[in-house]
Amino acid sequence: MRDAAAAQRFEDAALYRNRLSAVRHLMENQLVSSESMGSLDVLGVAVDDEGEAANVQVLQVRDGVLGDRQSFFMDAAGARSPDTVIEQFAMEYYAMGMAIPPLVVVPRGIETRPLEALLAERRQAGVEVRASERGEKRRLQEMAERNARLALDQDRARAARTRERRTAALGDLQRALGLDAPPMRIECFDISNLGATYAVASMTVMNGGAPARAHYRSFTMRHEGGPDDFARMEEAIGRRMARLAGGDDDASLGATPSLVVIDGGKGQLSAARRAMLAAGVDVPMIGLAKQQEEVFVPGRSDPILLPEDSAGLRLLQQVRDEAHRFAVRHHRSRRGRGMTASAMDSL
């Protein structure tokens, strides 16, 4: 499975993973069924080679029967040593009100006394924390460590597939739109309103093909000329680009986009482009029309039609849908505050 994932044969890796999982569950069910073992927790840990990520597995044995199995991913924060990770995890895990058994089996090499004292205080009874050298408890601990390593490998494979899809999507857009480089920062703008009232604009951001929600921004529209989406889009883009041109300290509004996506067709695109140039900014900009998913480019009369299965089109749809949801949410919030204020005025 690991060799297949390393060679980016992800379908083969997934098949091997599923087979391993089925065998593992069968072995686990056969492994533990002994009343003499009593109640205990078994902890296993795996840390990646870079010391950036870790997985901890918790096997809960109650009255000799293996019951719940839990998996936790952690930020290892540069800790290459499993004992550092397991100590931090155990203190946080049992602080969440989890039932503490009389025995907790940990990997070898863990300093057990601080954890033992902490758990005994929380349980208000004695707790033994130790590694197991032989027998059923040792086999359980080895199984927990194997599960942790497998979970970490599977997560790494999923992350690699995600990076591959995002890279393909950005490459698609670069080629289709004739960009000089992949559009690493994509900003999308949408307008939400109900008639002439409570109009808002949203700005959503994709960094490296992934949503950057901390960089989302919204604009309360100042335009009072009725439900004119062209004018409102021009206002939103003008205000955003003015912040960029002015060297804004805001982490999002001070960043230069690689590509600006306008939710709309030629009219919205023309208004947005006019506002951007008026602010002294010139970055690639397109319009994405909903009905046929047509991509409009300034200076080109006919739209670009990306294949329906194009990774680039899916990325544009994702950022457009994010912008729509964000705009609607902000619009509802503003409308709710306005209706509350009106009700209060009438009292």
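Use the structure listed above.
Conventions we followed
Residues numbered from 1 in each chain as written. Predicted model: local features only at pLDDT ≥ 70, side-chain atom pairs only at ≥ 80, totals over all residues. Heavy atoms only, no water. Patch = residues over 30% accessible without salt bridge, like charges linked within 9 Å, V, L, I, M, F, W, Y side chains within 5 Å. Areas by Shrake-Rupley, 256 points an atom, 1.4 Å probe, with all protein chains shown as cover. Salt bridge = Lys/Arg side-chain N within 4 Å of Asp/Glu carboxyl O. Lys, Arg positive; Asp, Glu negative; His and termini not counted. Charge placed at Lys NZ, Arg CZ, Asp CG, Glu CD. Helix = DSSP H or I, 4+ residues; strand = E, 2+ residues; numbered from the N terminus. Buried < 20%, exposed > 50% of the residue type's maximum accessible area, 1.4 Å probe, protein only. Axes fitted to C-alpha atoms, helices over the stretch in contact; angles between N-to-C directions. Parallel < 35°, antiparallel > 145°, perpendicular 65-115°, else oblique. Left-handed = near helix turned anticlockwise from the far one by under 90°. Contact = heavy atoms within 4.5 Å. Nonpolar A, V, L, I, M, F, W, Y, C, P; charged D, E, K, R; others polar. Pairing = 2+ DSSP bridges. Right-handed = clockwise from strand over helix to strand, strands pointing away. Expected span 1.5 Å × (residues − 1).

On the surface, a cluster of negative charge is contributed by Asp-49, Glu-50, Glu-52 and Asp-75. If you trace the backbone, Glu-50 turns up in the loop between β1 (40-47) and β2 (53-62). You can call Glu-50 partly exposed: its relative accessible area is 46%.

The next thing to look at is the packing of helix α6 (residues 229-245) against helix α7 (residues 266-278). Viewed as axis vectors pointing N to C, α6 and α7 meet at an angle of 30 degrees, and their least axial separation amounts to 8 Å. In terms of orientation, α6 lies roughly parallel with respect to α7. In this structure, α6 crosses over α7, and the sense of that crossing is right-handed. Only Gly-267, Gln-268, Ala-271, Ala-272, Arg-274, Ala-275 and Met-276 of α7 make contact with α6, whose side of the interface consists of Phe-230, Met-233, Glu-234, Ile-237, Gly-238 and Met-241. Of the residues belonging to the contact of α6 with α7, the class tally is eight nonpolar, three polar and two charged.

Right, let's get into the pairing of strand β10 (residues 259-263). Of all five residues in β10, five are buried, a share of seventy percent or more. Across the two faces of β10 the burial is the same, with Leu-259, Val-261 and Asp-263 and Val-260 and Ile-262 all buried. The pairing of β10 with strand β11 (residues 285-289) spans four bridges and is parallel. Its bridge partner lying in β11, Asp-263 is registered against Leu-288. Regarding the hand of the β-α-β motif, the stretch spanning β10, α7 and β11 is right-handed.

The next subject is α6. Its 17 residues give α6 an end-to-end C-alpha distance of 24 Å, which sits within 8% of 24 Å, the value for a rise of 1.5 Å per residue. Within α6, the full set of buried residues consists of Ala-231, Arg-232, Met-233, Glu-235, Ala-236, Ile-237, Gly-238, Arg-240, Met-241 and Leu-244. In the segment just after α6, Gly-247 is the residue with positive phi, at about 70 degrees.

Glancing now at the environment of Ala-272. Tracing the sequence through the fold places Ala-272 in helix α7. If we skip the residues at most four places from it in the chain, Ala-272 touches Met-233, Ile-237, Ile-262 and Met-285.

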